[in-house]
Amino acid sequence: MKKTPHDRKGKPGPKQLGAILTRCGVSLAPEQIHRLWAYHQLLRKHNEELNLTRIHNFENMVEKLYADSILPGLMITLPSPLLDLGTGPGMPGIPLKIAFPHLQVILAEARGKRVDFLRKALDELGLEGMRAEGGLITASFSEPVRGVITRAVESIGETLTRIEGCLCQGGLAIFMKGPRCDQEVAEAIGNFAGRFELQQDMAYTIPGTPHERRLVVFRRLTQRPGQVRKVFEGRGRHKRVASSANAHFKRLKRILTAKGIRKEGTALVSGDKLVRDVIQRHVDRVRTWISWPGGAVPPEGLPDQVLWIELEKSLFRELDVFGTGAPLLEIGAPPLEPWDPGSPLPAGVTLLVPFQDPENVGAVLRSAVAFGVRAVVILKEGASPFHPKALRASAGAALDVRLYRGPGLKDLSPELPLIPLSREGKPLDRAVFPETLAILPGVEGPGLPEAWRQRALSIPMTDRVDSLNAASAVAIALYEWSRRRRAEEEKTRAPEKV
Ligand SMILES: C[S@@+](CC[C@H](N)C(=O)[O-])C[C@H]1O[C@@H](n2cnc3c(N)ncnc32)[C@H](O)[C@@H]1O
């Protein structure tokens, strides 16, 4: 190692740099120490003018900047190419490149003067396989990288969104954090479920110092949007639609109504969470992913025949009737199986639904699934369970319950073992529920035909309102039934031996 004027005992110089690094668990070859020393000098020289770092004490700089930057490379196998997002004066990218010369590193820095400094540093240090990328990295940055590393930039969630365009599937997002980042990590796990998974979360102390750190590593599960596009284009399943006369758009417009849903046999799902849930639980029903240019691309794992339609934003808004601003899904909604009133009801509770408001149909389907209803019969007067409002109000439950199409209210035989719900009936809390039963609420407004009212159950309530909302009344009746059933089960359970 060459001697420099500063290289006396205790004075900053390559020798002391090497010694402090060794104490921190980082041992570098002499030429690497010289490169790092040259970088250190550049940093000092330009710091006053460019405000590159607030750490000035030599020992602190070595421990908190250089050793800190290099340690992640000793703890995990760093992927390459590696994007150092928000590198500032080159941290951790430059010390990492010096310590691990095989890495291809892109130093990303938004501020122009810092970018000038980085380019000068790379030039003077003769670091090859490394470059500085100026400007703000956003989700549209699409150069493929296998890893992203960041130190002191922003929250984990913000970075995971930002690297959507560049981090390859299976690639690592590496976060150099302080010790207290539990909440940030937990939020990212929840918000990016299905897109990123937590691979490692290591708490450590920089050896020989009291400085605590966390290395948090997320692995990307999904493909980059450009790749997804290629896959859909390769299958001939990607369409861009700019005209309202387009046949796909006209079909999608039609399925906003019950008549169109019946005719096309498909339905529209809206809302980010619901769309993701439906894909996860009913992927075989998915027909079309509907977005707009620049909007979210379809997730991976959709069946080959699924179509991706990118609609002009104004056309997309016509379909996004709830204004969710999230992609929509077209799903299969085949005609309901006809209900045979002559065949025995399944054990447990069946629900007959005459509601004309699709939101009530959706709400009641949600309660039906919540309380373990076996089958739901949509009567002739009932709204479509696949109407966009019904699907949304059901939070997807419309796809989780056995649905049948039944006759009209007036065609229901009085012989059927139904339990009608009506304001005039006997109090629900005193009712005796048979093993197998079917609950029949009335239509919103007119309620039930006279014949059914006579044998109805009623929910005790004040007379300050005329009636409960139809879907709420059913939810209460279902709750009462499930409460009684649980109480029965408790009773029949063998008493525990003492
Ligand atoms: C607090 S500094 C940290 C610098 C360095 N990583 C370190 O640990 O010393 C954050 C730097 O990130 C840059 N930055 C923040 N967001 C960025 C983005 N989206 N793209 C590029 N640079 C960004 C800022 O300009 C700033 O220089």
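Residues numbered from 1 in each chain as written. Predicted model: local features only at pLDDT ≥ 70, side-chain atom pairs only at ≥ 80, totals over all residues. Heavy atoms only, no water.

Looking at an unreviewed UniProt entry, one finds the protein named Ribosomal RNA small subunit methyltransferase G, with Desulfacinum hydrothermale DSM 13146 as its source organism. Quoted verbatim from the Subcellular location (unreviewed entry) heading of the UniProt record, the comment on the protein is "Cytoplasm". The UniProt entry for the protein carries the following comment under Function (unreviewed entry): "Specifically methylates the N7 position of a guanine in 16S rRNA." (UniProt positions renumbered as here; feature names shortened; annotations may be inferred.)

K.L.:
Would you mind showing me how to read the environment of Pro-335 here?
P.N.:
With respect to the element layout, Pro-335 can be found in the loop between β12 (328-332) and β13 (337-338). Between the C-alpha atoms of Pro-335 and Arg-262, which are 73 residues apart in sequence, the distance is 6.7 Å. (Helix = DSSP H or I, 4+ residues; strand = E, 2+ residues; numbered from the N terminus.)

K.L.:
Please clarify how the UniProt feature "binding site: S-adenosyl-L-methionine" (unreviewed entry) in the protein should be interpreted in this entry.
P.N.:
The feature "binding site: S-adenosyl-L-methionine" (unreviewed entry), as annotated in UniProt, sits at Gly-86, Met-91, Ala-132, Glu-133 and Arg-151 in this numbering. Looking at the secondary structure, you find Ala-132 in strand β3 (residues 130-134). Of the residues examined, Ala-132 reaches a relative accessible area of 8% and is grouped as buried. The class of Arg-151 is buried, set by a relative accessible area of 17%. Discounting residues that sit within four places of it in the chain, Arg-151 has contacts with Lys-64, Leu-65, Asp-68, Ser-69, Gly-86, Met-91, Pro-92 and Met-176. A distance of 3.0 Å separates the side chain of Arg-151 from the side chain of Asp-68, its partner in a polar contact. (Buried < 20%, exposed > 50% of the residue type's maximum accessible area, 1.4 Å probe, protein only. Contact = heavy atoms within 4.5 Å. Polar contact = N/O pair within 3.5 Å; in protein donor to acceptor, adjacent residues only side chain to side chain.)

K.L.:
I tried to follow the site of the ligand on my own but got confused; where do I start?
P.N.:
In the vicinity of the ligand, 17 residues are found, and the nearest of them are Gly-86, Met-91, Glu-109, Arg-114 and Arg-151. In this structure, a nitrogen atom belonging to the ligand sits 2.8 Å away from a main-chain N or O atom of Met-91. About the coverage of the ligand: the protein hides 81% of its 600 Å² of free accessible area. Of the residues that constitute the shell around the ligand, the class distribution is 8 nonpolar, 4 polar and 5 charged. (Near = heavy atom within 4 Å. Areas by Shrake-Rupley, 256 points an atom, 1.4 Å probe, with all protein chains shown as cover. Nonpolar A, V, L, I, M, F, W, Y, C, P; charged D, E, K, R; others polar.)

K.L.:
It is not clear to me how the pattern of salt bridges should be interpreted in this structure. Could you clarify?
P.N.:
Note on pairing: side chains with opposite charge can pair once their charged atoms come close. Counted under the stated rule, the structure contains 27 salt bridges. Where Glu-59 meets Arg-23, a salt bridge forms, and the shortest distance between an N and an O atom there is 2.8 Å. Taken together, the residues Glu-59 in helix α3 (residues 58-75) and Arg-23 in helix α1 (residues 14-23) connect sequence positions 36 residues apart. Accessibility expressed as a relative area gives 35% for Glu-59, which makes it partly exposed. (Salt bridge = Lys/Arg side-chain N within 4 Å of Asp/Glu carboxyl O.)

K.L.:
Explanation requested: the sheet that holds strand β18 (residues 436-440) in the structure shown.
P.N.:
Strands in a sheet are paired, the pairing made by backbone hydrogen bonds, and the direction either parallel or antiparallel. Strand order across the open sheet formed by 7 strands is β13-β16-β15-β14-β18-β17-β19, with parallel pairing between neighbours. This sheet does not close on itself; its edge strands, each paired only once, are β13 and β19 (457-458). Relative to strand β15 (residues 375-378), strand β14 (residues 348-353) runs parallel, the two being bridged by 4 bridges. Each residue of the ladder has a partner; that of Leu-351, found in β15, is Val-376. Lying over the sheet, helix α13 (residues 358-370) contacts β14, β15 and β16 (402-405), oriented at roughly 180 degrees with respect to β14. (Pairing = 2+ DSSP bridges. Axes fitted to C-alpha atoms, helices over the stretch in contact; angles between N-to-C directions.)

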